[in-house]
Amino acid sequence: MDIYNRKRDIRRRIAEMKRSVDAVWKDSASDAILSRLEELDIFKVSETVLIYHALPDEVQTANFLERWYGKKRLVLPLVVGDDLVLKEFSPDKIVPGYKGIPEPSSDAVTVDPDDVQLAVIPGVAFDSMCNRLGRGKGFYDRLIPHLKCQLTGLGFDFQMVDEVPIEIFDRKLDMVITQSTLFYRE
C-alpha cells in the first residue's frame, strides 16, 4: 500500500473512532488528561504556558484556560496576515476565529516566543514517537519552529496511531499525555 493510501486509511480509522466516542466521556477524559498535565513538574514551574483553544474532537482546553487564567500567563497562537504571533490570553480579548474557535483579538498583548516555558498542544492523533498527526498539522508545523520550550501534546488513548508514515519535516513533541499514559520522545 502506498503512503497516500496508508494516510487515507489512518484518517478514516481515526474518524470512525471519533464518531464512536460519547461526548460525556470525552469531557471526563479531557479533564483527566489536563489533571495529569497540572501534576507535571514542568507545568508547576512554568509561569508562561502556550496552549491551543482545541478543535472539535481534541482534548478540550476551555476549562483549563478558565481555571488557570490569573494564575499563569496563558498564551494563544494567532495568525495575523502572513505572520504567526503569540498573544496573551484574556477572556475580554477573545473573538471567534477559524470555524468559530475562540482566538485572541489582534489588540491583545503580544508575547515574545522566548518567554514561553511550556507549549501544550492538543491533537487529533499522535504516534508513539510523539509526532502530531492529522488535522491542523499545517498550523502546528508553522508554530513549532518559533518555540524553544518543552513541547507537550494532549491526546486521547484511542487516537494514538502507530505505523504511520511520517514526513521528514515533522517536529516531534517532547511528550504526549493521554488519560492513562505519558509518551516520551526517544
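Refer to the structure presented above.
Because the structure is a prediction, the values reported are computed rather than measured.

Some words on the pattern of salt bridges
Applying the stated criterion to the full structure yields 5 salt bridges. The partner of Arg73 in a salt bridge is Asp115, and the shortest N-O contact between them spans 3.8 Å. Of the two residues, Arg73 is situated in strand β2 (residues 73-80) and Asp115 in the loop between β6 (110-111) and β7 (118-122); the sequence distance between them amounts to 42 residues. With relative accessibility at 37%, the residue Asp115 sits in the partly exposed group. For the salt bridge of Lys148 with Asp114, the shortest nitrogen-to-oxygen distance reads 3.2 Å.

Considerations on the sheet that holds β7
One open sheet holds the 8 strands; their spatial order is β6-β3-β2-β1-β7-β10-β11-β12, and the pairing between them is mixed. Sheet topology places β6 and β12 (182-184) at the edges, where each strand pairs with a single neighbour. By the bridge criterion, 6 bridges tie β2 to strand β3 (residues 83-88) in an arrangement that is antiparallel. Looking at the pairing, Val79 lines up with Leu84 of β3.

Describing the pairing of strand β1 (residues 48-51)
Here β1 shows no split at all, with Thr48 and Leu50 on one side and Val49 and Ile51 on the other all buried. The sheet contact formed by β1 and β2 spans 3 bridges and is parallel. The residue bridging Leu50 from the neighbouring strand is Val75, located in β2. Running through helix α4 (residues 62-68), the crossover from β1 to the neighbouring parallel element β2 is right-handed. Summarising the sheet, β1 and β7 pair through 3 bridges and their orientation is parallel. Within β7, the residue paired with Leu50 across the bridge is Ala119.

Rules used in this analysis
- Per chain, residue numbering runs from 1 following the sequence as it is written.
- Selection of residues for local features in this predicted model requires a pLDDT of at least 70, selection of side-chain atom pairs for listing and counting requires 80 or more, and totals for whole chains, interfaces and linings are taken over all residues.
- Water and hydrogen atoms play no part in the side-chain values, which are based on all heavy atoms of the structure.
- Definition used for salt bridges: Asp or Glu carboxyl oxygen within 4 Å of a side-chain nitrogen of Lys or Arg.
- To qualify as a helix, a DSSP run of H or I must reach at least 4 residues; to qualify as a strand, a run of E must reach at least 2; elements of each kind are numbered from the N terminus.
- Relative accessibility thresholds used throughout: buried, under 20% of the residue-type maximum; exposed, over 50%; partly exposed, between the two (1.4 Å probe, protein chains only).
- Pairing between two strands requires that DSSP report at least two bridges joining them.
- Call a crossover right-handed when, viewed with both strands pointing away from you, the route from the first strand across the helix to the second goes clockwise.

Just distances and angles here, no functional claims.
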